[in-house]
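Each chain is listed here by its residues.
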Amino acid sequence: MTEYFLTILLLLLFCAVAIAPQCQADVSSENGKRIWGETMKEVHSKFSGRKGTFAHFGDSITVTMAFWAPLPYARKNAPPKMEKAFSLVNKYMQPECWRDWKGAQYGNEGMMTIRWAHENMDEWLRSLNPETALIMFGTNDVHNLSLDEYRTKTEAVVQKCLDNGTIVILSTIPPRNGFVEKAAIFADAVRGIAHRLKVPLIDFHAEIMKRRPEDWNGALEKFSQWKGYDVPTLIARDGSHPSHPKKHRSDYSEEALNNCGFSLRNYLALMKYADVIETILANSP
């Protein structure tokens, strides 16, 4: 009898472990709008700038033309839900925000950390006054900042935007070769900030780890035959930037989303911004 109950208990535990990640993902997806929807509506009620302005604050992973700018020109194999999201964003967003809002004066520049954003956010908010801002710093921070400074300054930067009436979309950083554990800890800190301040979140780190848990890292020896950004996994040969292989550029098939880091980031950013437009902005005064 004891063995029987032990067997049943083990089976129940196995089932719980097997279904837990899916249940957690479903709850997060289902309740996402409830978590941040009302809070962002309140934030947006204070906004006094131009509708449809969308700023991107970040480092080299953001300033590059591989991010966001290619979306209006090609979306090969895009699923219907992505085309619907693109149509919504393209109709609502100011056209210059596709590719013109690039460079230090727009809050994105290579080699920068959250310290730079913390020092300059007041000026960016005065000059750009964006309705929505996507924020992703951390890849350079992992070898320059402590977790406490990163968390504190990130939260302060987000709060400055919210106080301005700017809706914030936070993004976790991708995993990084040589800083695997610290990048994961920084990503978790961003999740915590998004939860505390009730802002939308793009969990880029989790999405990469879900799709390529064992071989996301293009710096691995198994990818040595490829160079630079052309490696067929989600992080380039340098181990820090998203990959951008020619074969999968501007392709949004499942194969491409598993092999092209910038296609994956573009897809996630588009879907989240469309969600914000649909939930908050489209029907606002």
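For clarity, every value in this text was computed on a predicted model and none was experimentally measured.

J.: How do you make sense of the packing of aromatic side chains when you look at a structure like this?
T.: The geometry of two aromatic rings is summed up by the distance between their centres and the angle between their planes. For the coordinates displayed, the defined rule picks out 12 aromatic pairs. For the pair tryptophan 101 and tyrosine 106, a centre-to-centre distance of 5.7 Å together with 20 degrees between the ring planes defines the contact as stacked. Taken together through their ring pairs, the aromatic side chains of Phe54, Phe67, Trp68, Phe86, Trp98 and Tyr273 make up a single cluster. The ring centre of phenylalanine 67 lies 3.8 Å from the NZ or CZ of arginine 265, which sits over that ring.

J.: I tried to follow the sheet that holds strand β1 (residues 54–58) on my own but got confused; where do I start?
T.: Within a sheet, each strand pairs with its neighbour through backbone hydrogen bonds, oriented either parallel or antiparallel. The 4 strands lie next to each other as β1-β2-β3-β4, forming an open sheet whose pairing is parallel. Whereas interior strands pair on both sides, the edge strands pair on one side only; in this sheet they are β1 and β4 (201–202). Relative to strand β2 (residues 132–136), β1 runs parallel, the two being bridged by 5 bridges. Looking across to β2, one finds that glycine 58 is bridged to methionine 136. Most of the contacts of helix α5 (residues 147–164) go to strand β3 (residues 167–171), to which it runs at about 155 degrees, and overall it touches β1, β2 and β3.

J.: Would you mind showing me how to read the environment of isoleucine 114 here?
T.: Tracing the chain through its elements places isoleucine 114 in helix α4 (residues 114–128). Looking at isoleucine 114, the relative accessible area reads 0%, which means it is buried. With 38 residues separating them along the chain, isoleucine 114 and threonine 152 place their C-alpha atoms 9.7 Å apart. For isoleucine 114, the residues in contact, after removing those within four places along its chain, are Phe137, Asp141, Leu145, Tyr150, Lys153, Thr154 and Val157.

J.: Before we go on, may I ask you to explain the pairing of β2 in this structure?
T.: Remark: a regular strand shows side chains that alternate across the two faces of the sheet. Among the 5 residues of β2, 5 are classified as buried, and the element is accordingly described as predominantly covered. Residues Thr132, Leu134 and Met136 of β2 are buried on one face, and the alternating residues Ala133 and Ile135, pointing to the opposite face, are buried as well. When β2 meets β3, the two strands line up parallel, connected through 4 bridges. Following the sheet pairing, isoleucine 135 is matched in β3 by leucine 170. Handedness of the β-α-β unit built from β2, α5 and β3 comes out right-handed.

J.: Explanation requested: the pattern of salt bridges in the structure shown.
T.: Inspection of every chain in the model, using the stated rule, returns 16 salt bridges. Across the pair arginine 196 and glutamate 155 runs a salt bridge whose closest N-O atoms are separated by 2.8 Å. Within this pair, whereas arginine 196 is found in helix α6 (residues 180–197), its partner glutamate 155 is found in helix α5, the two being separated by 41 residues in sequence. What makes arginine 196 partly exposed here is its relative accessible area of 44%. In this structure glutamate 155 comes out as partly exposed when scored by relative accessible area, which is 25%. Salt bridges sharing partners connect three or more residues here, namely Glu207, Lys210, Arg211 and Glu254.

So, how was this worked out
- Residues numbered from 1 in each chain as written.
- Predicted model: local features only at pLDDT ≥ 70, side-chain atom pairs only at ≥ 80, totals over all residues.
- Heavy atoms only, no water.
- Phe/Tyr/Trp six-rings, centres within 6.5 Å; stacked < 30°, edge-to-face > 60°.
- Lys NZ or Arg CZ within 6 Å of the ring centre and 35° of its normal.
- Pairing = 2+ DSSP bridges.
- Helix = DSSP H or I, 4+ residues; strand = E, 2+ residues; numbered from the N terminus.
- Contact = heavy atoms within 4.5 Å.
- Axes fitted to C-alpha atoms, helices over the stretch in contact; angles between N-to-C directions.
- Buried < 20%, exposed > 50% of the residue type's maximum accessible area, 1.4 Å probe, protein only.
- Right-handed = clockwise from strand over helix to strand, strands pointing away.
- Salt bridge = Lys/Arg side-chain N within 4 Å of Asp/Glu carboxyl O.

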